[in-house]
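# Observations on the three-dimensional arrangement
One-letter residues, chain by chain:
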Amino acid sequence: MTDKIQAKVMTGSLGTSFSETIGAALSSPGFAVFNSPHYVIFPGFCDVHVHFREPGFSYKETMKTGSKASARGGYTAVCTMPNLNPVPDTLEHLRCQLARIEADACIQVIPYGAITMGEQGQTLADLEAMAPYVAGFSDDGRGVQSEDLMRQAMLRAKALGKPIVAHCEDNSLLRGGYIHDGAYAKAHGHRGICSESEWGPIARDLKLVKETGVSYHVCHISTKESVALIRQAKAEGLDVTCETGPHYLVMDDSDLQEDGRFKMNPPLRSPEDREALVQGLLDGTIDMIATDHAPHSAEEKAKGLEKSAFGVVGIETAFPILYTCLVKPGILPLERLVELLCVNPRKRFGIGLGQDFCVWDLEAESVVDPGAFLSLGKATPFAGWKTFGRCVATVRDGRLVYSA
Ligand code: DOR
């Protein structure tokens, strides 16, 4: 079977079982068209950090548009963050989101449960009741400020066999900042967010991980100190993983413009931070790349750096940006990118692959055009960038969910 595959199949460490899945799929009449020597086939990507805004904020993104946008980016599985209305902090509230997923998602969507009620950081959410349905627990969008509450959450999550997925942000250090507290902020008179607001809570949590033994995953790391702390924790044998986003790997605060599409939390940091993140990718400190796809309305993003909402979309541009900026120049091997976008997140969060794959034309050149996004969110710092790589088709569980 596999000797009949003309397309190049990138299996990463999945090996021959994935080639056999692809061989079987491509021999069926519907998919034979993708068996071309021009195409490269990857296992379906998995993004463990997205914001699809239902329930509560359908004007920013719906389950339908978010999952379709994901399929266009080559993703067949995503984990959704809980800053919703209602916040999934009880089983009843979580069910509102599960119903939307069941009705409208064209790919696998697994929610996170909140760590605290209403993501308010005061009392623990009903972790026990939500555990069977969630990828883990997170208060993403906000850090858990209380050390004692985080300890309790870790003990409960450990007992339930679920990871704590931490948005690390110390509110006492924010001081009204909205971009990195670095060269651009100083030169243009903006209020900055210091690096310690991220690495301080990571350092605190790593002590708690040592104490509790919980599986701990750090969201969107952006600073060189965060990379160093996680490298050290791994060397000590702690059960710790982390992600960063495409924008932190290929941009820094020298790329900032006076435009809300450059605003996200954490912010684009310094060139040295970016270099440390790339180093962390190469040496295995950073386990996976997650987009933090965070759609907002055009109005919410039209208020410049100071007043726009935090968050940029990313699920439709992740692979072309990473392929163009890191793989093509020889910084990151393509095999490693497959591990970062698919194999490692699935392994860490126990998300099976099944008959999921995406087909890419890596020679196709295009310019990032937010007007062509399937996401309702259009704000991206990559608008106008020239990229290589076009997703030709995405197959979820043997069903075509996207074709160009
Ligand atoms: O930029 C961000 N946007 N960072 C967050 O932590 C939350 C997210 C959102 O929900 O828009």
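A few points on the structure. Please read these numbers as outputs of a predicted model, since none were measured by experiment.

Glancing now at unusual backbone geometry. With omega at 5°, the peptide bond leading from Asn85 into Pro86 counts as cis. Checked against the element boundaries, Pro86 lands in the loop between strand 4 (75-80) and helix 3 (91-104). Going from Asn265 to Pro266, the amide bond is cis rather than trans, its omega being 0°. Mapped onto the fold, Pro266 is located in the loop between helix 9 (246-250) and helix 10 (271-282). Of note in this structure, His220 is not a glycine but carries a positive phi near 25°. Structurally, His220 is set in the loop between strand 9 (216-218) and helix 8 (224-235).

A few words on the site of the ligand. Neighbouring the ligand are the residues His51, Arg53, Asn83, Gly141, His167, Met264, Asn265, Asp292, Ala294, His296, Phe310 and Gly311. The separation between an oxygen atom of the ligand and a polar side-chain atom of His167 is 3.5 Å. Phe310 is positioned with one of its backbone polar atoms (N or O) 3.2 Å from a nitrogen atom of the ligand. In isolation the ligand offers 290 Å² of accessible surface; the protein chains occlude 93% of this area.

On to the packing of aromatic side chains, then. Within this structure, the stated rule accounts for 11 aromatic pairs. Ring centres of Phe319 and Tyr323 lie 5.7 Å apart, and the angle between their planes is 10°; this geometry places the pair in the stacked category. Note that Phe319 and Tyr323 are positioned in helix 12 (residues 318-327) at a spacing of 4 residues, about one turn of the helix. Neither Phe319 nor Tyr323 differs from the other in exposure class; each is buried. The interplanar angle of 45° and the centroid separation of 4.5 Å between the aromatic rings of Phe319 and Trp360 together place this pair among those described as tilted. Residue Phe319 is located in helix 12, and its partner Trp360 is located in strand 12 (residues 357-367); the two are separated by 41 residues in the primary sequence. The exposure class of Trp360 is buried, given its relative accessible area of 1%. Each residue in the set Phe42, Phe45, Tyr75, Phe319, Tyr323 and Trp360 is aromatic and connected to the rest through ring pairs, giving one cluster. Over the face of the ring belonging to Phe310 we find Lys263, whose NZ or CZ atom lies 4.5 Å from the ring centre. Here the guanidinium or amino end of Lys328 rests over the ring plane of Phe388, the centre of that ring lying 4.4 Å away.

Here we have 5 strands laid out as an open sheet, ordered 1-2-12-13-14, and mixed in their pairing. At either margin of the open sheet sits one strand with a lone partner, and together these are strand 1 (8-9) and strand 14 (399-403). Pairing of strand 13 (residues 386-396) with strand 14 involves 4 bridges; the strand directions are antiparallel. Each residue of the ladder has a partner; that of Ala393, found in strand 14, is Ser403. Strands in contact with helix 12 are strand 2 (39-43), strand 12 and strand 13; relative to strand 13, the strand with the most contacts, it is inclined by about 135°.

Once that is clear, we can look at the pattern of salt bridges. All chains considered together, the criterion is met by 22 salt bridges. The partner of Glu306 in a salt bridge is Arg191, and the shortest N-O contact between them spans 3.3 Å. Here the residue Glu306 occupies a position in helix 11 (residues 304-307), and Arg191 occupies one in the loop between helix 6 (183-188) and strand 8 (192-193), the gap between them amounting to 115 residues. Asp205 is the partner of Arg204 in a salt bridge, and the nearest nitrogen-oxygen pair spans 2.9 Å. Where salt bridges share partners, they join Glu147, Asp148, Arg151 and Glu211 into one cluster.

Before going further, it helps to spend a moment on the environment of Val87. Relative to the elements of secondary structure, Val87 occurs in the loop between strand 4 and helix 3. We classify Val87 as buried; its relative accessible area is 13%. Each C-alpha atom, one on Val87 and one on Ala157, is 18 Å from the other, the two residues being 70 residues apart in sequence. Val87 has contacts with Pro82, His93, Ala114, Gly118 and Glu119, leaving out every residue within four places of it along the chain.

This part is about the state of the cysteines. Inspection of the entire model under this criterion finds 0 disulfides. Lacking any disulfide linkage, Cys391 is separated from the closest cysteine sulfur, that of Cys358, by 5.6 Å. Judged by relative accessible area, Cys391 falls into the buried class, the value being 4%.

Now for the sheet that holds strand 5 (residues 108-111). With parallel pairing, the 3 strands of this open sheet are ordered in space as 3-4-5. Among the strands making up the open sheet, the edge pair consists of strand 3 (45-50) and strand 5. Mean inter-strand twist for the sheet, computed between neighbouring axes without regard to direction, equals 20°. Of the pairings in the sheet, the one linking strand 4 to strand 5 comprises 4 bridges and is parallel in character. Across the sheet, the residue bridging to Cys79 is Ile110, located in strand 5.

Rules and cut-offs
- Counting from 1, residues in each chain are numbered in the order their sequence is written.
- Totals for whole chains, interfaces and linings use every residue, but because this is a predicted model, local features are given only for residues with pLDDT of at least 70 and side-chain atom pairs only at 80 or more, for both listing and counting.
- Heavy atoms throughout the structure, all of them, feed into the side-chain values; hydrogens and water do not.
- Working definition: helices are DSSP H or I runs of at least four residues, strands are E runs of at least two. Numbering for both runs from the N terminus.
- When we say a residue is near a molecule or strand, we mean one of its heavy atoms is within 4 Å of it.
- Under the rule applied, a polar contact is a pair of N or O atoms within 3.5 Å (in protein, one hydrogen donor and one hydrogen acceptor; residues adjacent in sequence only if both atoms are side-chain atoms).
- Under the convention used here, a 1.4 Å probe and the Shrake-Rupley method define accessible areas, while residue burial counts only the protein chains that appear.
- Pairing of aromatic side chains here covers Phe, Tyr and the six-membered ring of Trp, requires ring centres within 6.5 Å, and sorts the geometry by plane angle: under 30 degrees stacked, over 60 edge-to-face, intermediate tilted.
- Accessibility here uses a 1.4 Å probe with only protein chains present; expressed as a share of the type maximum, an area under 20% marks a residue as buried, one over 50% as exposed, and anything in between as partly exposed.
- We call a charge positioned over a ring when the NZ of a Lys or the CZ of an Arg lies within 6 Å of the ring centre and within 35 degrees of the ring normal.
- A pair of strands is labelled paired if DSSP reports no fewer than 2 bridges between them.
- The contact criterion used throughout is that any non-hydrogen atoms of two residues lie within 4.5 Å.
- To get an axis, fit a line to the C-alpha atoms, keeping to the stretch in contact for a helix; angles then go from 0 to 180 degrees between the N-to-C directions.
- Just to be clear on terms, a salt bridge is a Lys or Arg side-chain nitrogen sitting within 4 Å of an Asp or Glu carboxyl oxygen.
- Whenever a pair of cysteine sulfur atoms sits within 2.5 Å, that pair is classed as a disulfide.

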